[in-house]
Amino acid sequence: MCHRGIDLIEVKNSYKTIGIDDIDQAQKALSIKLPEQYAEFLLKHNGGTIFPDGVMVDGKHFDFVAYLYSIKNKLAVDDLVTKCNELKGMVLDHYLPFGESPGGDVFCFSLLKHELGAVYHWDHEEANYEGEPWEYNMTKVADSFSMFIEQLYDCDE
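What counts, and where the lines are drawn
Residues numbered from 1 in each chain as written. Predicted model: local features only at pLDDT ≥ 70, side-chain atom pairs only at ≥ 80, totals over all residues. Heavy atoms only, no water. Helix = DSSP H or I, 4+ residues; strand = E, 2+ residues; numbered from the N terminus. Rg over C-alpha atoms; globule rule 2.2 N^0.38 Å. Buried < 20%, exposed > 50% of the residue type's maximum accessible area, 1.4 Å probe, protein only. Polar contact = N/O pair within 3.5 Å; in protein donor to acceptor, adjacent residues only side chain to side chain. Contact = heavy atoms within 4.5 Å. Core = buried A, V, L, I, M, F, W, Y, C linked by side-chain atoms within 4.5 Å. Pairing = 2+ DSSP bridges. Axes fitted to C-alpha atoms, helices over the stretch in contact; angles between N-to-C directions. Salt bridge = Lys/Arg side-chain N within 4 Å of Asp/Glu carboxyl O.

In the annotation of an unreviewed UniProt entry, the chain is listed under the name Knr4/Smi1-like domain-containing protein and assigned to Pseudoalteromonas piratica.

Printed below as a string of structure tokens:
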């Protein structure tokens with residue numbers, strides 16, 4: 001079942017269509033289960049740049065979404081498995097990166113049982129590069145992927 005939020009956005013620069021087997025391989029490589037709404041997005045669009053792209057937190061502009069990761073060539077800069085592996089040790093293990101802002105911040109899903117699938121923003125400028133990752137640079141953006149998509153807005157309006 002496709003969630004309404006996925007149909008509210010325009011997606012460009014997405015990659016070749018993938019199937020359930022590709023999702024299963026990515027989940028196996030990451031040792032996690034992708035949030036269902038994000039898996040649906042990957043099956044329909046397989047990553048890409050989205051519009052509208054404005055992210056609001058507490059009723060104020062917060063950031064933009066540059067692109068959402070895809071499942072494709074492991075050498076690509078926006079491949080889900082590649083990016084998750086690159087961010088290991090910088091982002092806490094209970095977050096799953098799935099996209100980036102134009103400035104290099106990362107959008108992540110919470111993998112914690114009590115808020116599974118909630119969307120967070122990882123601020124790379126506030127990250128603890130000198131030691132263990134921390135929560136200090138994490139901001140909750142939405143309770144789910146579909147809510148995240150539904151809350152996106154056009155900054156020109």
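A. Region of the structure containing the overall build of the chain. Helix and strand content of the chain: four helices and nine strands. Its helices and strands taken in sequence order, the chain reads β-α-α-β-β-β-β-α-β-β-β-β-α from the N to the C terminus. By the compact-globule yardstick of 15 Å for 157 residues, the chain fits well, its C-alpha radius of gyration being 15 Å. Overall size of the chain, expressed as C-alpha extent along the three principal axes, is 40 × 40 × 30 Å.

B. Expanded view of helix 2 (residues 36-44). For helix 2, the complete set of buried residues consists of Gln37, Tyr38, Ala39, Glu40, Phe41 and Leu42. One or two residues past the end of helix 2 sits Asn46, with phi positive at roughly 50°.

C. Structural context of the side chain of His121. Among the secondary structure elements, His121 is positioned in strand 8 (residues 119-122). Judged by its relative accessible area of 3%, His121 is buried. There is a polar contact of 2.8 Å between the side chain of His121 and the side chain of Asp63. Setting aside anything within four residues of it in sequence, one finds His121 in contact with Phe62, Asp63, Asp105, Val106, Phe107, Asn137, Met138, Thr139 and Val141.

D. Molecular detail of the nonpolar core. Core analysis: the biggest nonpolar cluster contains 44 residues, and Tyr38, Phe98, Phe145 and Phe148 have the highest contact counts within it. Ignoring anything within four residues of it in the chain, the contact list for Phe148 reads Val55, Val65, Phe98, Phe107, Val119, Val141 and Ala142.

E. Broad picture of the environment of Leu116. Mapped onto the elements, Leu116 comes out in the loop between strand 7 (106-110) and strand 8. For Leu116, the contacting residues outside a window of four places in its chain are Ser110 and Leu111.

F. Structural view of the sheet that holds strand 5 (residues 67-68). Reading across from one edge, 5-6-7-8-9 is the order of the five strands in this open sheet, with antiparallel pairing throughout. Edge positions in the open sheet fall to strand 5 and strand 9 (138-142), since each of these has one partner strand only. For strand 8 and strand 9, the ladder comprises four bridges, and the chain directions are antiparallel. Bridge pairing links Val119 to Ala142 in strand 9. Packed onto the sheet, helix 3 (residues 80-87) meets strand 6 (95-100), strand 7 and strand 8 and runs at close to 120° relative to strand 6.

G. Here's a closer look at the pattern of salt bridges. Evaluation of the coordinates by the stated rule reveals five salt bridges. Between Glu10 and Lys12 there is a salt bridge, with its nearest N and O atoms 3.4 Å apart. For Lys140, the salt bridge identified is with Glu115, shortest N-O distance 3.6 Å. Taken as a pair, Lys140 in strand 9 and Glu115 in the loop between strand 7 and strand 8 lie far apart in primary sequence, 25 residues in all. The partly exposed category is assigned to Lys140, whose relative accessible area is 35%. Connected through salt bridges with shared partners, the residues Lys83, Glu86 and Glu100 form a single ionic network.

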